[in-house]
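# Report on the structure
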Amino acid sequence: MDNRSIGVFDSGLGGLTAVKEIMKELPNENIIYFGDTGRVPYGTRSQETIIKYSQNDVNFLLSNDVKMIVIACGTVSSVALPILAKTISVPIVGVVNPTVKAAVRATKNKKIGIIGTSGTIKSGSYEKLIKNIDSSIETFTKACPLFVPLVENGHFDTMVAELVVEEYLSEIKEKGADTLILGCTHYPLLKNTIQRYMGENVTLIDAGKETAKELKNILTKDDMHTDIKENNQYKFFVSDNVDGFENLGGMFLEQKIDGQVEKIDIEKY
Ligand code: DGL
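First, a word on scope: everything that follows refers to the structure included in this document.

About the thresholds
Residues numbered from 1 in each chain as written. Predicted model: local features only at pLDDT ≥ 70, side-chain atom pairs only at ≥ 80, totals over all residues. Heavy atoms only, no water. Helix = DSSP H or I, 4+ residues; strand = E, 2+ residues; numbered from the N terminus. Buried < 20%, exposed > 50% of the residue type's maximum accessible area, 1.4 Å probe, protein only. Contact = heavy atoms within 4.5 Å. Axes fitted to C-alpha atoms, helices over the stretch in contact; angles between N-to-C directions. Parallel < 35°, antiparallel > 145°, perpendicular 65-115°, else oblique. Nonpolar A, V, L, I, M, F, W, Y, C, P; charged D, E, K, R; others polar. Core = buried A, V, L, I, M, F, W, Y, C linked by side-chain atoms within 4.5 Å. Salt bridge = Lys/Arg side-chain N within 4 Å of Asp/Glu carboxyl O. Near = heavy atom within 4 Å. Polar contact = N/O pair within 3.5 Å; in protein donor to acceptor, adjacent residues only side chain to side chain. Areas by Shrake-Rupley, 256 points an atom, 1.4 Å probe, with all protein chains shown as cover.

## Comments concerning the environment of L189
Relative to the assigned elements, L189 resides in the loop between strand 7 (179–182) and helix 10 (191–198). The exposure class assigned to L189 is buried, which follows from its relative accessible area of 9%. In this structure L189 touches T17, V151, F156 and F252, once residues within four positions along its chain are discounted.

## Quick notes on the packing of helix 5 (residues 96–106) against helix 11 (residues 207–221)
Between helix 5 and helix 11, the least distance of the axes is 8 Å, while the angle of their chain directions is 105°. For the element pair helix 5 / helix 11, the angle class is roughly perpendicular. Residues P98, T99, K101, A102 and R105 of helix 5 touch helix 11, and the partners they reach there are A207, E210, T211 and E214. In terms of residue class, the contact of helix 5 with helix 11 is built from 3 nonpolar, 2 polar and 4 charged.

## Focus on the environment of D243
Checked against the element boundaries, D243 lands in helix 12 (residues 242–253). The spatial distance from the C-alpha of D243 to the C-alpha of L169 is 32 Å, given a sequence separation of 74 residues.

## Comments concerning the nonpolar core
A general trend in soluble globular proteins is that nonpolar side chains are found buried together. Counting 55 residues, the largest nonpolar core has I115, F147, L180, I194 and F236 as its most contacted members. Of the residues forming this core, the biggest block, 6 residues, is contributed by helix 9 (residues 159–175). By size, the runner-up hydrophobic cluster in this structure holds 24 residues, among which are F34, I50, V58 and F237.

## Considerations on the pattern of salt bridges
Summed over the entire model, instances satisfying the criterion amount to 16 salt bridges. Across the pair D57 and R39 runs a salt bridge, and its minimum N-O distance is 3.6 Å. With D57 in helix 2 (residues 47–63) and R39 in the loop between strand 2 (31–35) and helix 2, this residue pair connects regions lying 18 residues apart in the sequence. Since its relative accessible area comes to 0%, D57 is described here as buried. For R39, a relative accessible area of 7% translates into the label buried. For the salt bridge of K191 with D206, the shortest nitrogen-to-oxygen distance reads 3.5 Å. With K191 in helix 10 and D206 in strand 8 (residues 203–206), this pair connects stretches of sequence that are 15 residues apart.

## Describing the site of the ligand
Every one of the 14 residues lining the ligand counts as a neighbour, but D10, S11, Y42, G74 and T75 are closest to it. The side chain of D10 places a nitrogen or oxygen atom 2.7 Å from a nitrogen atom of the ligand. Within the side chain of S11, one N or O atom sits 2.5 Å away from an oxygen atom of the ligand. If the ligand stood free it would expose 300 Å²; the protein chains cover 99% of that surface. Considered class by class, the residues forming the shell around the ligand number 6 nonpolar, 7 polar and 1 charged.

## Observations concerning unusual backbone geometry
Here the amide bond leading from V40 into P41 is cis, since omega sits at 5°, within 30 degrees of zero. Mapped onto the secondary structure, P41 falls in the loop between strand 2 and helix 2. A positive phi is found at D65, a non-glycine position, where the angle reads about 55°. Along the polypeptide, D65 turns up in the loop between helix 2 and strand 3 (68–71). The backbone phi angle of D223 is positive, close to 50°, even though this residue is not glycine. Mapped onto the fold, D223 is located in the loop between helix 11 and strand 9 (234–238).

Written out as structure tokens, the structure is:
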């Protein structure tokens, strides 16, 4: 048993898609979330910068005495996870492994589409893991850099979102993939628009959902669940204005988070 909080971080708002799933899967756990809203996006930056930023993020969470860390960011999970894991003593979980396992289980025609940030797609993280599990699976990748600003500005289900989705996903659709990995934690916010465009026969794999399940398995295996059954706490930290995050984040989590979001200076960590 371990009553400390679970630490979750992302480059911005997108990691809340994982938080929402963790809240559902593990309703008694306390969560501390950091969204690096002042430095988002990470997905277009160099590996060196992504590592430096994510080290700040991890150090901030560790300074809050978290029992484990969830990297709720496809880019950091793809580019920096092994390096971060070497330097810390609490368990650290990324989104790539659980998502890939779910996609391999889901595909019937062995054609998987992968979308993510430029950094994620360039790293080849999802494809490599898929090929390790089953080399006969064909993969089709596409970097979708405009999806993150759409989401950060609340364009989840609008005509603008529809146009951008069509622009990015037409190739993967033509190739006939029956499974699509949403390889960035911002993308589940565009799920309705993506599903409408791809058609209902295509299975969308949501990184947040799969990661929450993996997290539960780890807590169970290592006997790290909390035994506190009430008054669980959610704390949110950002590196820029709290207002926008409170509005969009609260809307997305379907609960008010006004007054629970604090701005910090992440470069100090
Ligand atoms: N959350 C990031 C990811 O999952 C996308 C946003 C960014 O580029 O920082 O890859």
